[in-house]
Amino acid sequence: MKRFIFFGFAVLAAVGVLAGTAAGRGDGWEAVTATPFDWQCGATPVHLTFPVNKEYQRVTTLPDGTLLLQITGSLKINLATDAGASLTVNASGPTNKETFDPSSGNLDFIATGQNLVLFTAAQAAATGLPELFTTSGPIDILFRGDGTVQVNQLNANTLTDLCAALGAS
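Along each chain, residues carry numbers from 1 onward, in the same order as the chain's sequence is written. Given that the model is predicted, a residue must reach a pLDDT of at least 70 before its local features are reported, and side-chain atom pairs must reach 80 or more before they are shown or counted; all residues, however, enter totals for whole chains, interfaces and linings. Only hydrogens and water are set aside when side-chain values are computed; all heavy atoms of the structure are taken into account.

Caption draft 1: Representation of the overall build of the protein. Of the regular secondary structure elements, the protein holds three helices and 12 strands. For the protein, the proportion of its 169 residues judged to be buried stands at 43%. Counting only contacts in the protein whose residues sit at least 6 apart along the sequence, the fraction spanning at least 24 positions is 53%. Exposure was quantified through the Shrake-Rupley algorithm and a 1.4 Å probe, taking into account, for residues, occlusion by the shown protein chains and nothing else. In the structure as shown, the protein presents an accessible area of about 7700 Å², 54% of it carried by carbon and sulfur atoms. Strands here are runs of E lasting at least two residues and helices are runs of H or I lasting at least four, both read from the DSSP assignment and numbered beginning at the N terminus. A simple rule labels every residue: compare its accessible area, found with a 1.4 Å probe on the protein chains alone, to the largest value its type can have, and call it buried under 20%, exposed over 50%, or partly exposed in between. Any two residues having at least one pair of non-hydrogen atoms within 4.5 Å are treated as being in contact.

Caption draft 2: Highlighting the state of the cysteines. Working definition: a disulfide is two cysteine sulfur atoms within 2.5 Å of each other. Summed over all chains, the structure comprises one disulfide. What pairs with cysteine 41 in a disulfide is cysteine 163, and their sulfur atoms sit 2.1 Å apart. Torsion about the S-S bond of the cysteine 41 and cysteine 163 cystine: about -75 degrees, corresponding to left-handed handedness. Here cysteine 41, found in strand 3 (residues 37-41), pairs with cysteine 163, found in helix 3 (residues 162-165); they are 122 residues apart in sequence, far enough to count as distant. Taken individually, cysteine 41 and cysteine 163 each receive the classification buried, so the pair is uniform in this respect.

Caption draft 3: Quick look at the packing of aromatic side chains. Centre distance within 6.5 Å is the pairing criterion for rings of Phe, Tyr and Trp, where only the six-membered ring of Trp is used; planes under 30 degrees apart are then read as stacked, over 60 as edge-to-face, and the remainder as tilted. Under the definition given, this model contains four aromatic pairs. Each ring, one from phenylalanine 37 and one from tryptophan 39, has its centre 6.4 Å from the other, and the planes form 90 degrees; the classification is edge-to-face. What links up through ring pairs into an aromatic cluster is the set Phe37, Trp39 and Phe50.

Caption draft 4: The arrangement of the confidence of the model for the protein in detail. Known as pLDDT, the predictor's confidence for each residue is given on a scale from 0 to 100. Looking at the protein, pLDDT values average 86 and 85% of them are 70 or higher. The low-confidence segment residues 1-24 (pLDDT under 50) makes 74 contacts with residues lying over four places distant or belonging to another chain.

Caption draft 5: Structural context of unusual backbone geometry. Residue glycine 93 is joined to proline 94 through a cis peptide bond whose omega torsion reads 15 degrees. Within the secondary structure layout, proline 94 lies in strand 7 (residues 93-101).

Below you can see the structure in the form of structure tokens.
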């Protein structure tokens, strides 16, 4: 379950950890801290860092206990391999509505704009999608607490396979 909570913040804010209040954004908005981490494209480790992080999030607890996360701002992510391949992507979203149900562990990621999506090898195999990719436009992916995913909306014409772009397998 921790991995899926991690994923939700990774997709939206690249491993978001709540930080201090963001002045001028309005009530409840907090800056997101983005911590470098590694992901996999097949057997190839990919190192993610954040040269631009001006993302803010607001978390609201709904009456049924579900957490509603909203993210806005600017986020650029650099992806690099040990072989020297590197690229920087815009993953600024915004997130329209991301919900996390603590009782089931389900995370429903609903966003527009530019987004980075990370799938485990099993999730990539089950969906036929890459382990790392960007999208542009509306997206809705349900990450279930049991580790499976359900792609509800994704325009394949706006998808960029970052594993392929990095020459990773």
